[in-house]
Amino acid sequence: MATAMDRKLWAQWQQEIEKTPPSPRPATTVSGMPIEPLYTPDNLEGFEYETELGYPGQFPYTRGIHASMYRGRLWTMRQFAGFGTARQTNERFRFLVEKGQTGLSTAFDLPTLMGLDSDDPRSLGEVGRLGVAVDTIDDMRQLFSEIDIGKLSVSMTINAPAVVVMAFYLANAQDRGFEWRHLRGTIQNDTLKEFHAQNEIYFPPEPSVRLAIDLIEFCTHHVPQWNPVSVSGYHIREAGSTAAQELAFTLADGFHYIDQCLARGLKVDDFAPRLSFFFNAHNDLFEEVAKYRAARAVWADRLRNHYGARNEASWKLRFHAQTAGCSLQDKQPEVNLIRVAYQSLAAVLGGCQSLHTNSMDETLALPSEHAVTLALRTQQVLAHETGVANTVDPLGGSYFVESLTRQMQQEAHRYFDAIEQLGGMLAAIDRGFFRREIAEAAFAYQREVDAKHKLIVGVNAYQEPDEKPLEILTIDHAVESEQIESLKRVKNQRSNDEVRRTLDAVRRAAAAHENVMPTLLETVRARTTVGEVMHALADVYGRCDSAVV
Amino acid sequence: MDNQPPLRIVLAKVGLDGHDRGVKVVTRALRDAGFHVIYPGLWQSPESVVRTVADEDADWLGISLLSGTHMTLVPRIMQMLQAAGLRHVGVLVGGIIPEADVPKLLAVGVARIFGPGTPLGEIIEFLRAQGSRTHA
C-alpha cells in the first residue's frame with residue numbers, strides 16, 4: 001500500500017497530469033467505461049492474491065483453468081465454416097484440416113438455423129447462403145464424409161433446432177461405427193441468448209429451454225465427452241451490448257440452465273463440467289481480458305458456493321472466443337486483419353480454450369480461401385512467434401487489469417440482482433429487459449461514433465477516397481435448386497408410414513414431458529426433415545411469434 | 001417542415017435475417033429526429049411489408065438486409081409496391097450490399113443505399129431534404 005512518501009510523489013504526478021490539455025475524446029473503453037490515467041496499488045484496496053487470483057488451475061481460476069495453460073497445450077484453432085451444400089462445406093472442412101486447423105466448426109444456413117426446410121417458401125434466397133443447408137440425415141452424412149470424427153472435435157452452431165441436428169449427428173456417427181462415448185465436440189444449444197439478441201427463435205421461451213435441457217440431459221448420460229451447450233455472449237455483444245452486459249447476461253443464462261437441470265433431478269457435478277462458454281473478442285484489449293478473467297472467477301464462486309459443486313471440473317469456466325464481427329468494416333477491409341490480430345491477442349491473454357479469427361472480408365461476404373488462410377495464419381503467428389504462450393496470465397498483477405477485473409465482477413453482480421428483482425430469467429425476457437438494455441448500449445455507441453468521440457479507422461477517420469474492392473466469394477445460385485432437388489429425392493425414397501409413425505412418437509414424448517431425444521433419433525433415421533420434426537414439436541409446444549421480437 | 005405532419009417511415013427486416021442492431025438504432029434515431037417510424041419487427045415477408053406501407057400510408061420504406069438476400073427480396077418488393085399503386089413511396093436499403101449490386105438495386109428504383117458505417121445524421125439529412133413524395 002502507498003506510503004507517506006508515495007503520497008507526496010503521487011501529488012506531484014497529479015499536478016503534472018492536470019497540466020495536460022484535455023483530450024477531445026473521453027478516455028473510455030469501447031463499452032463506455034471510464035478509465036483512469038493511471039492505476040496504482042490505491043486502486044486495489046484490500047487486494048488478496050490468494051483469494052482473488054490464486055494459481056492457475058486452482059480456484060477461483062482468475063488466472064486460467066489449467067496449471068500450465070498454453071505451455072502445456074495451445075488453444076484450439078477452430079475456424080467457423082459452412083456454405084452451400086453439404087458437399088461444398090465438406091470440401092472446405094478438408095481444406096482447413098489440411099492447413100493445420102485442429103478442430104471443425106459448422107455454420108448452418110438461415111433456414112436450418114430457423115428450423116425450416118430448403119423447400120419452404122420462407123427459405124427463398126437463403127438456402128446455403130450464410131452456411132450449409134442441412135435438411136435430413138443424408139446431408140449430415142455428406143457433411144462429415146471422410147472426416148475422422150472419432151479424432152477431430154466438431155462444433156455445431158445451432159440453437160432452436162439443436163435437438164434435431166444433434167440427432168442427425170449422433171445417428172450418423174453410430175451408423176459409421178463411432179461410439180457416442182468417444183465423440184468430442186460442442187453444440188451451441190443456447191436458446192436464451194436467441195431471445196436476448198440473436199433472434200433465431202422457433203418455440204416460446206419456456207419450451208425452448210426445455211428442449212435445451214433435454215439435450216444436456218441426454219448427452220450427460222450417453223455422450224459424456226460432448227459439450228451439450230455453449231452458453232454464448234458472442235451474439236449479445238454483436239447486437240451492441242457492453243462487455244459487462246455480455247458477461248452478466250451470459251453467466252445469468254448459464255445459471256438458468258443449471259437451475260433447470262437441477263429441477264430435472266440431475267446432480268450438478270454430473271453435467272456442470274460439460275457446460276461451455278462462447279465469448280466475443282472485441283477491440284478494447286484490456287476490457288476484454290478483464291471480462292474473461294472475471295467470468296472465470298464469478299462462475300467458479302457461484303458453482304462452488306451457491307450450487308455446492310464438489311467436482312473441480314464443475315467450477316472451471318471453459319470458453320471459445322471469436323473475434324468481433326461487428327468491429328469489422330467494409331471500408332479498407334485489409335485493415336480488418338489488424339483488428340483481428342489485436343482481438344485474438346485479447347482472447348489469448350484472457351486464457352481462451354479455442355479461438356476463431358474472422359476473415360478480413362466478412363462484412364462483405366463469406367470469406368474467400370485466401371482470407372480464411374490469413375485469419376488462421378494470424379493465430380499461428382500469435383501462438384508461435386509472439387511469445388504470448390510462454391507464461392500463464394501475463395497480465396495478472398497489473399493494477400489496471402486487476403482493477404478492471406474487479407469492476408467487471410461488480411457489474412455482473414449488479415445485473416444478476418436486477419434480473420432477480422424482475423422475477424428471474426424468463427420473466428426478465430418477457431419484460432424485454434435484455435433487449436432494451438442491449439439496444440440502449442448499441443444506440444449510445446453509435447452516438448459516440450457519430451460524434452467522433454470514438455474513431456474508427458477508414459470510417460470516421462483516415463478515409464481513403466478511392467478504394468479497390470476485394471475479391472469476394474460468390475455463392476452459386478444453383479445451390480438452392482440443387483438442394484431442393486436432393487430433398488425431393490429423399491422424400492420420394494423414404495417410407496411415409498415410417499415418417500408418420502415416428503413423428504407421432506415425437507409428439508407423444510413432447511406432450512408427456514419426456515426427454516424427446518430417443519424419439520428424435522428414431523425419426524431422423526426415417527429421414528424426416530428438420531422442418532417436419534420442428535413442426536411436430538410445435539404441435540405440442542406452440543410457436544413464438546414475431547411480436548415478441 | 002413547419003405545420004407539416006411528420007414524415008411516415010416504415011422500417012422493415014425482410015426474410016429470416018435476425019440482424020436487427022442497425023435497424024433498431026436507425027429507428028430510434030429517426031424517432032428522436034421527429035419522424036413517425038413504424039417498425040413491425042422481424043421476419044416480414046415482401047407481402048406483409050407492402051401491406052404495412054399501404055396501411056400506414058407511409059412516405060418512405062427502409063429495408064434492412066444483412067443476409068445477402070437483397071437481390072432476391074428487394075426487386076420483389078419493388079414490383080409489389082408498383083402493383084399496389086405505391087410507386088410514390090421512396091425506398092431505402094440499409095445493410096451489407098456488395099458494390100456490384102448497388103447499381104442493380106438503383107436500377108429497380110431504390111432511392112438510396114446506406115451501407116455499414118453510415119452516420120445517423122446522413123440518413124436524417126437525406127430524408128429531410130427529400131421530404132414526402134406522397135403529400136408534396
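Above: the structure in question.
In every chain, residue numbers begin from 1 and rise along the written sequence. Working convention: letters from A go to chains and numbers from 1 go to ligands, in the order in which they are written. In keeping with the model being predicted, local features are shown solely for residues with a pLDDT of at least 70 and side-chain atom pairs are shown and tallied solely at 80 or more, while totals for entire chains, interfaces and linings include all residues. The basis for every side-chain value is the complete set of heavy atoms in the structure, and neither hydrogens nor water enter the calculation.

K.L.:
It is not clear to me how the overall build of chain A should be interpreted in this structure. Could you clarify?
P.N.:
Each helix is a run of H or I in the DSSP string that is no shorter than four residues. Each strand is a run of E no shorter than two, and both are numbered from the N terminus. The secondary structure content of chain A amounts to 22 helices and 10 strands. Computation of the radius of gyration draws on C-alpha atoms alone. For the globule rule, the value is 2.2 Å times the number of residues to the power 0.38. For a compact globule of 549 residues, the expected C-alpha radius of gyration is about 24 Å, and chain A comes in at 24 Å, within 12% of that figure. Each principal axis of the C-alpha distribution contributes one length, and for chain A these read about 85 × 60 × 45 Å. When contacts within chain A are restricted to residue pairs at least 6 apart in sequence, long-range pairs at least 24 apart make up 78% of them. By definition in these notes, contact holds between two residues if any of their heavy atoms fall within 4.5 Å.

K.L.:
So what exactly am I meant to see when it comes to the sheet that holds strand β2 (residues 80-81) of chain A here?
P.N.:
Backbone-to-backbone hydrogen bonds pair the strands of a sheet. The strands run either parallel or antiparallel. All names here are of chain A. A pair of strands is labelled paired if DSSP reports no fewer than 2 bridges between them. Judged by pairing direction, the sheet is parallel, and its five strands sit side by side in the order β2-β3-β4-β5-β6 without closing on themselves. Two strands lie at the open edges of the sheet, namely β2 and β6 (226-227), each paired on one side alone. With five bridges joining them, strand β3 (residues 103-107) and strand β4 (residues 153-157) adopt parallel strand pairing. Residue pairing in the sheet places Thr106 in a bridge with Met156 of β4.

K.L.:
When you look at the nonpolar core in this model, what are you seeing that I'm missing?
P.N.:
A general tendency of soluble globular proteins is for nonpolar side chains to be buried together. Residue and element names in this part refer to chain A. Throughout, nonpolar core names a set of buried Ala, Val, Leu, Ile, Met, Phe, Trp, Tyr and Cys residues whose side chains join them through atoms within 4.5 Å. For the exposure calls, accessible area comes from a 1.4 Å probe over protein chains only, and a residue counts as buried if that area is under 20% of its type's maximum, exposed if over 50%, partly exposed in between. If you look at the biggest cluster of nonpolar residues, it comprises 82 residues, and the most contacted ones within it are Trp75, Leu251, Trp299, Leu303 and Cys352. If one sorts the elements of this core by residue count, helix α10 (residues 243-263) sits on top with 11 residues. Counting 65 residues, the second largest nonpolar core, distinct from the first, contains Ala86, Ala173, Val524 and Val530.

K.L.:
Help me out: how do you make sense of the interface of chain B and chain A in this one?
P.N.:
The parts lose accessible area when they come together, and the size of an interface is often stated as this lost area. Contacts between the two partners involve 27 residues from chain B, matched on the other side by 38 residues from chain A. Put simply, buried area is how much 1.4 Å-probe accessible surface two parts lose in total, over both of them, once they are put together. When chain B packs against chain A, close to 2,600 Å² is buried across both sides, 60% of that on carbon and sulfur atoms. Of all residues in chain B, the largest losses of buried area upon contact with chain A belong to Leu16(B), Arg21(B) and Trp43(B), amounting jointly to 30% of the total for that side. Salt bridge criterion: a side-chain nitrogen from Lys or Arg within 4 Å of a carboxyl oxygen from Asp or Glu. Along the contact surface separating chain B from chain A lie three salt bridges. Across the pair Arg447(A) and Asp32(B) runs a salt bridge whose closest N-O atoms are separated by 4.0 Å. Here a polar contact means two N or O atoms within 3.5 Å. Within protein one must be a hydrogen donor candidate and the other an acceptor candidate, and residues neighboring in sequence count only if both atoms are side-chain atoms. Inspection of the region where chain B meets chain A yields six residue pairs in polar contact (both at pLDDT 80 or more). Elements with a contribution of two residues or more to the side of chain B that touches chain A: α1 (21-32), α3 (70-83) and α5 (120-130) of chain B. No other element matches the six residues that α1(B) contributes to the side of chain B that touches chain A.

K.L.:
Which parts of the structure should I look at to understand the environment of Val26(B)?
P.N.:
Residue and element names in this part refer to chain B. Structurally, Val26 can be placed in helix α1. Taking the C-alpha atoms as reference points, Val26 and Val37, separated by 11 residues in sequence, lie 9.7 Å from one another. Leaving out residues up to four positions away in the same chain, Val26 has contacts with Leu11, Leu120 and Ile123.

K.L.:
Mind showing me how you'd approach the pairing of strand β9 (residues 318-323) of chain A here?
P.N.:
Each regular strand carries side chains that alternate between the two faces of the sheet. Residues and elements named next belong to chain A. In terms of residue burial, β9 counts as a mostly covered element, since six of its six residues are buried. Of the two faces of β9, the one lined by Arg318, His320 and Gln322 and the one lined by Phe319, Ala321 and Thr323 are each fully buried. Note that strand β8 (residues 275-281) and β9 share six bridges and pair parallel. Bridge pairing in β9 links Phe279 to Ala321.

K.L.:
Can you walk me through the packing of aromatic side chains in this structure?
P.N.:
For any pair of aromatic rings, the description consists of the separation of the ring centres together with the inter-plane angle of the planes. Residue and element names in this part refer to chain A. Paired rings are identified among Phe, Tyr and Trp, the last through its six-membered ring, by centres lying within 6.5 Å, and are further divided according to the angle between planes into stacked (under 30 degrees), edge-to-face (over 60) and tilted (the rest). Considering all chains together, one arrives at 29 aromatic pairs over all chains under this definition. Plain terms: the ring middles of Tyr49 and Tyr55 are 5.5 Å apart, the flat faces sit at 65 degrees to each other, and that makes the pair edge-to-face. Summarising the aromatic geometry, the rings of Phe286 and Phe400 are spaced 5.2 Å apart at their centres and angled 55 degrees between planes, so their arrangement reads as tilted. Here Phe400 lies in helix α16 (residues 399-421) and Phe286 lies in helix α12 (residues 285-306), a separation of 114 residues in the sequence. A residue is classified by how much of its surface remains accessible, and Phe286, at 32% relative accessible area, is partly exposed. One aromatic cluster is present, built from ring pairs that chain together Phe255, Phe277, Phe279, Tyr292, Trp299, Tyr307, Phe319 and Phe416. Sitting above the plane of the Phe59 ring, Arg304 keeps its charged end 3.7 Å from the centroid. Any Lys NZ or Arg CZ that is within 6 Å of a ring centre and within 35 degrees of that ring's normal is treated as a charge sitting over the ring.

K.L.:
Sorry if this is basic, but what is going on with the side chain of Thr29(A) here?
P.N.:
Looking at where Thr29(A) falls in the secondary structure, it is placed in the loop between α1 (4-19) and α2 (49-53). In contact with Thr29(A), other than residues within four places in its own chain, are Ile35(A), Asp284(A), Glu287(A) and Lys454(A).

K.L.:
Help me understand unusual backbone geometry in this model?
P.N.:
Note: most residues except glycine have negative phi, and most peptide bonds are trans. Residue and element names in this part refer to chain A. In this chain, Phe59 is followed by Pro60 through a cis amide linkage whose omega measures 0 degrees. Along the chain, the position of Pro60 falls in the loop between α2 and β1 (76-77). In this model, Tyr61 sits at a positive phi of 65 degrees, which is unusual for a non-glycine residue. Unlike most non-glycine residues, Tyr462 shows phi in positive territory, near 50 degrees. The topology assignment puts Tyr462 in the loop between α18 (433-450) and α19 (478-493). Judged by relative accessible area, which is 60%, Tyr462 ranks as exposed.

K.L.:
Explain a negative patch on the surface to me, please; I cannot follow it from the model alone.
P.N.:
Patch rule: a residue counts if its relative accessible area is over 30% and it has no salt bridge; like charges are joined within 9 Å, and nonpolar side chains (Val, Leu, Ile, Met, Phe, Trp, Tyr) within 5 Å. For the area figures, the Shrake-Rupley method with a 1.4 Å probe applies, and any residue is considered shielded solely by the protein chains shown. Only four residue types enter the tally: Lys and Arg on the positive side, Asp and Glu on the negative side; His and the chain ends are excluded. Where a charge sits is defined by one atom per residue type, namely NZ (Lys), CZ (Arg), CG (Asp) or CD (Glu). A surface patch of negative charge is lined by Glu334(A), Glu464(A), Asp466(A) and Glu467(A). With respect to the element layout, Glu334(A) can be found in the loop between β9 and α14 (335-349).

K.L.:
Before we go on, may I ask you to explain the sheet that holds strand β4 (residues 90-95) of chain B in this structure?
P.N.:
Residues and elements named next belong to chain B. What the five strands build is an open sheet, ordered β2-β1-β3-β4-β5; its pairing is parallel. Looking along the sheet, the strands with just one partner apiece sit at the ends: β2 (36-38) and β5 (112-114). Shown here is a sheet whose adjacent strand axes are inclined to one another by a mean of 25 degrees, direction ignored. In this sheet, β4 lies alongside strand β3 (residues 60-65) in parallel orientation, the contact comprising six bridges. Only the stretch in contact is used when fitting a helix axis, every axis being a line fitted to C-alpha atoms; angles between N-to-C directions are given from 0 to 180 degrees.

That is the geometry; function is a separate question.
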